[in-house]
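Descriptive structure summary
This is what each chain is made of:
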Amino acid sequence: MHMSRFITVPLAVLWFAIAGKALLAWLFGVSMEFPIIGDPPMETAFGAAAAAITIGVSMLHIVTVWLLRRNWLGETLFVSSYIGIIGAGLGYGFWWMSESTGVIGHAFFIGMLLVCGLVMAGFKSGLLFATERTRMRSMGANQTGSDVQADVARATHPKTSFKDIFGNSDIKVRLKDAAEAIVAPRTEGKQIRNGILLSGEPGNGKTVFAEALAGELKLPFLQLSYSDVASQWVGEKTSRINAAFAQARRQQPCVLFIDEVDSFLESRDSGRNDGTKEDRDVVNALLTLMVDIRKEKVILIAATNHIDRLDGAGIREGRFDFKVEITPPDREARVGLLTHGLKTQLPTFNVDAAVVEAVARRWNGFSVKRILAVTEELPSYLARETKTTIAYEDFMGALRMLQGRKGSTPENVKPIAELVLSPATREMLDLIVGRMADPEHTESHGGTLPTGVLFFGPPGTGKTATAKALAKEIDWAFLPATGADLARDPKALEKLYAKAKELRPCVIFVDEADELLKSRDYSPNTESTNKLLTLMDGVNDRVKDVVWVAATNNPEQIDAALLRGGRFTEKVLFERPSAEGLAAYLEGWFTSRKVALESGLTSASVAEMVGSESIANAEALVQAALNRAISRRSAPVVVTRADVEQAMRMVL
């Protein structure tokens, strides 16, 4: 509890008592005699009017702040002290003119003036009571009349510039050109340009680029985020945004940076119903301020991860004349980040520059945060693996530890060697596996990794099992999806691809991909097909180590654009197994389950009975035969020819 409560409450009560008695004396002729003080000459009309105004304003203030649920006690004490100074001054003046005597009376009024003055000074500094008024002052407010303008934005003088940012020279040139166009001398009749909107995926340094631009221009940097303006009071948010722009005007020339501007400038046409009137007021106020600030020497920069969520009026020319996408770091930047991270985290290790270059080549599309996070994870990884040198595999291992997951590869997946495949299918798979198992070796010798692989053939020939076995063989993450789900929702396709980029190296497996891959001449899902083409080609640069594998039973229906080079270039035909291959598969199946066959019944004869059915149908058939044998509840369990024949009637 602040000491002001013990000081101002008694003073306010005493002053109200004096003022009240003065009012009564004037109205009813009641004596004003006070112990010690005597009889102050306040029974005049002027004194009574002053007393009435004092009491009325004070009570009105108490009721008002109580209704508004403000800090009424602190505010009332503030006003009481203010009125106490006025009242004590008036009372002392009347007392002096009455030529009254008494040291105690003089001491009372002089003391009241001094104490109230000290209390007011305490309130103004915010030391005695943390009212909203004093809190705003403690933030640097400048009060003019009833308006309170606070230094809401965080002001700094950046010590970094573009030379401290690795690579990304194109972005630097674009930003500097935009800034120079904004600060260029203004000529009559020439349209003023301002507003730089930075967009892109999170973690790529939008704030760093904005601050470095301010450092490059040697200008103060004012940063504003949603947390700086958030308030529980209605209207306060808009007021603080106004205050931030006013602060920028006072400190011009400067850079005003609005971080996560989508929190302020959300589209009014988004269809959401949970927006409040104040949210709309914030948008309207910001739109106006963005236009007005163009008259000043203030470079306005804003950053967003979701440019599609911004209000259309906010991102048009006339508010943001320059739009710059902050893309993931380029190769030069990745090398610089890796080198810097290694020097910081592992200063005693010597890492071959060729290894760093190899890692940088593979990690295109990774954010700045992700690359630095891997270097931070490396010391722990090397300690766990008891390694004293750093190789390419260690970077990949640290990346896996940082990711904390490897997709959703099911357990108990058969290796490719145990799958029943035709010689041609197996040879094609071996070629793919050999390159994907060591991407760096492949590309360093002029080879390429597939962007997409198409598995096609009759149903039940092992396409899904092979895709899982492929990911397990090369130790890549595995993300499964169905073509029907992705065809219906292009956003799901984007989310799947974004997840794959984070988990890479990664295999995206699209099972039953017919709806997604179907020719756009006949498909109702052309938007999803177009999105897939865009993702496979890469928006800016094709991301490495993400491979699409699609399975289909109808390759003739696939859109021709998807089969061109650089997309689903490599195609693997899955055929029904030969009699020998099927017999070998069934032999292994019976052996693994320790199933006995009746005399005269062999795996080869069962395969002959199955005929040219797929592996999936053959497995379902022998499982049904085994179930029938088990149902006889005899030991040992023996599968008979009759069991197989009955299973054929059930399954086929």
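In every chain, residue numbers begin from 1 and rise along the written sequence. In view of the model being predicted, local features appear only for residues whose pLDDT reaches at least 70, and side-chain atom pairs are presented and counted only at 80 or more, with totals across whole chains, interfaces and linings using the full set of residues. By convention in this description, side-chain values take in all heavy atoms of the structure and omit both hydrogens and water.

Section: a nonpolar patch on the surface
Every patch collects residues that have over 30% relative accessible area and no salt bridge, joining them within 9 Å if they carry like charges and within 5 Å if they are nonpolar side chains (Val, Leu, Ile, Met, Phe, Trp, Tyr). We get accessible surface area from the Shrake-Rupley algorithm with a probe of 1.4 Å; when it comes to residues, only the shown protein chains can shield them. By convention in these notes, a salt bridge is any Lys or Arg side-chain nitrogen within 4 Å of a carboxyl oxygen on Asp or Glu. On the surface, Met650, Val651 and Leu652 cluster together into a nonpolar patch covering about 280 Å² of accessible area. Going along the chain from the N terminus, every DSSP run of H or I of four or more residues is numbered as a helix, and every run of E of two or more is numbered as a strand. Position of Val651 relative to the elements: it lies in helix 26 (residues 641-651). In this scheme, a residue with accessible area under 20% of its type's maximum is buried, one over 50% is exposed, and one in between is partly exposed, where area comes from a 1.4 Å probe on protein chains only. A residue is classified by how much of its surface remains accessible, and Val651, at 33% relative accessible area, is partly exposed.

Some details on helix 22 (residues 526-537)
Because an α-helix packs 3.6 residues into every turn, residues spaced three or four apart end up facing the same way. In this analysis, the expected span of each helix is defined as 1.5 Å times one less than the number of residues it contains. Relative to the 16 Å expected for 12 residues at 1.5 Å per residue, helix 22 spans 17 Å between its end C-alpha atoms, a close match to the ideal helical length. Along helix 22, the positions that sit buried rather than exposed are Ser528, Thr529, Leu532, Leu533, Leu535 and Met536. Looking straight down helix 22, one finds that the buried residues subtend no more than 165 degrees of arc, so they occupy a single side. Looking one or two residues past helix 22, Gly538 carries a phi angle of roughly 85 degrees, positive in sign. The directions from the helix axis to the C-beta atoms form the arc being described.

Describing the sheet that holds strand 11 (residues 506-511)
The strands making up a sheet associate through backbone hydrogen bonding, with each pair oriented either parallel or antiparallel. Strands qualify as paired when DSSP identifies two bridges or more between them. Within the open sheet, the five strands sit side by side as 10-11-12-9-13. Their pairing is parallel. Two strands in the sheet have a free side with no partner beyond their single neighbour: strand 10 (477-482) and strand 13 (570-573). Strand-to-strand twist of the sheet, defined as the mean angle between neighbouring strand axes without regard to direction, takes the value 20 degrees. Sheet topology places strand 9 (residues 452-456) next to strand 12 (residues 546-552); five bridges connect them, and they run parallel. The residue of strand 12 that forms the bridge with Gly452 is Trp548. Whenever a helix is involved, its axis is fitted only over the stretch in contact; in every case the axis is a line through C-alpha atoms, and angles between N-to-C directions fall within 0 to 180 degrees.

Digging into the packing of aromatic side chains
Aromatic rings from Phe, Tyr and Trp, with only the six-membered ring used for Trp, were paired whenever their centres fell within 6.5 Å, and each pair was classed as stacked if the ring planes differed by under 30 degrees, edge-to-face if by over 60, and tilted otherwise. Under the defined criterion, the tally for this structure stands at eight aromatic pairs. For the ring pair Phe221 and Phe257, a centre distance of 5.7 Å and an interplane angle of 25 degrees mean the geometry is stacked. Of this pair, Phe221 sits in strand 5 (residues 221-224) while Phe257 sits in strand 6 (residues 254-258), and the two are 36 residues apart along the sequence. For Phe221, a relative accessible area of 1% translates into the label buried. The exposure class of Phe257 is buried, given its relative accessible area of 0%.

Quick notes on the confidence of the model for the protein
Considering every residue of the protein, the mean pLDDT works out to 79; 74% of them sit at 70 or more. Confidence scores here are pLDDT values: one per residue, from the predictor, ranging 0 to 100. Working rule for contacts: check all heavy atoms of both residues, and any pair within 4.5 Å makes them a contact. Across residues 68-73, confidence stays below pLDDT 50; counting only partners more than four residues off in sequence or on other chains, it has 12 contacts. In this model, residues 125-148 is a region of pLDDT below 50 whose contacts with residues beyond four sequence positions or in other chains number 51 contacts.

Describing helix 13 (residues 353-362)
Those residues of helix 13 lying buried are Val355, Val356, Ala358, Val359, Ala360 and Arg362. In this structure Asp352 caps helix 13, since a side-chain oxygen of it lies 3.0 Å from the backbone nitrogen of Ala354. The term polar contact refers here to a pair of N or O atoms within 3.5 Å; inside protein, the definition further demands a hydrogen-donor-capable atom paired with an acceptor-capable atom, and it admits residues adjacent in sequence only when both atoms are side-chain atoms.

Focus on the side chain of Asp262
For Asp262, the location among the structural elements is in the loop between strand 6 and helix 10 (277-292). Within this scheme the basic residues Lys and Arg register as positive and the acidic residues Asp and Glu register as negative, but His and the chain ends are omitted. Of the side chains bearing the opposite charge, Arg309 lies closest to the buried Asp262, which forms no salt bridge; the N-O distance is 5.0 Å.

Overview of the environment of Val433
With respect to the element layout, Val433 can be found in helix 16 (residues 423-436). Residue class for Val433 comes out buried when judged on its relative accessible area of 12%. Once the C-alpha coordinates of Val433 and Ala471 are considered, the two residues, 38 residues apart in sequence, prove to be 9.0 Å apart. Here Val433 is in contact with Ile416, Leu470, Glu473 and Ile474, once residues within four sequence places are set aside.

A few points about the sheet that holds strand 7 (residues 298-304)
Here we have six strands laid out as an open sheet, ordered 3-5-6-7-4-8, and mixed in their pairing. On the outer flanks of this sheet lie strand 3 (154-156) and strand 8 (322-325), each paired with one strand and no other. The average undirected angle you get between the axes of adjacent strands in this sheet is 20 degrees. With four bridges joining them, strand 5 and strand 6 adopt parallel strand pairing. Residue Leu224 lies in a different strand from strand 6, and its bridge partner there is Ile258. With respect to the sheet, helix 6 (residues 169-183) is in contact with strand 4 (196-199), strand 7 and strand 8, its orientation differing from that of strand 8 by roughly 165 degrees. Contacts from helix 9 (residues 236-250) reach strand 3, strand 5, strand 6 and strand 7 within the one sheet, and its direction differs from that of strand 6 by about 160 degrees.

Quick look at the environment of Phe590
Among the secondary structure elements, Phe590 is positioned in helix 23 (residues 579-592). Linking Phe590 and Leu626, residues 36 residues apart in sequence, is a C-alpha distance of 9.4 Å. Phe590 has contacts with Val595, Leu597, Ser603 and Val622, leaving out every residue within four places of it along the chain.

Side note on unusual backbone geometry
With an omega of 0 degrees, the peptide bond between Gln252 and Pro253 qualifies as cis. Checked against the element boundaries, Pro253 lands in the loop between helix 9 and strand 6. Put simply, Arg504 and Pro505 share a cis peptide bond, and its omega is 5 degrees. Here Pro505 lies in the loop between helix 20 (490-503) and strand 11. In this structure, Glu512 is a non-glycine residue whose phi angle is positive, near 45 degrees. For Lys594, which is not a glycine, the phi torsion comes out positive at approximately 55 degrees. Here Lys594 shows up in the loop between helix 23 and strand 14 (596-597).

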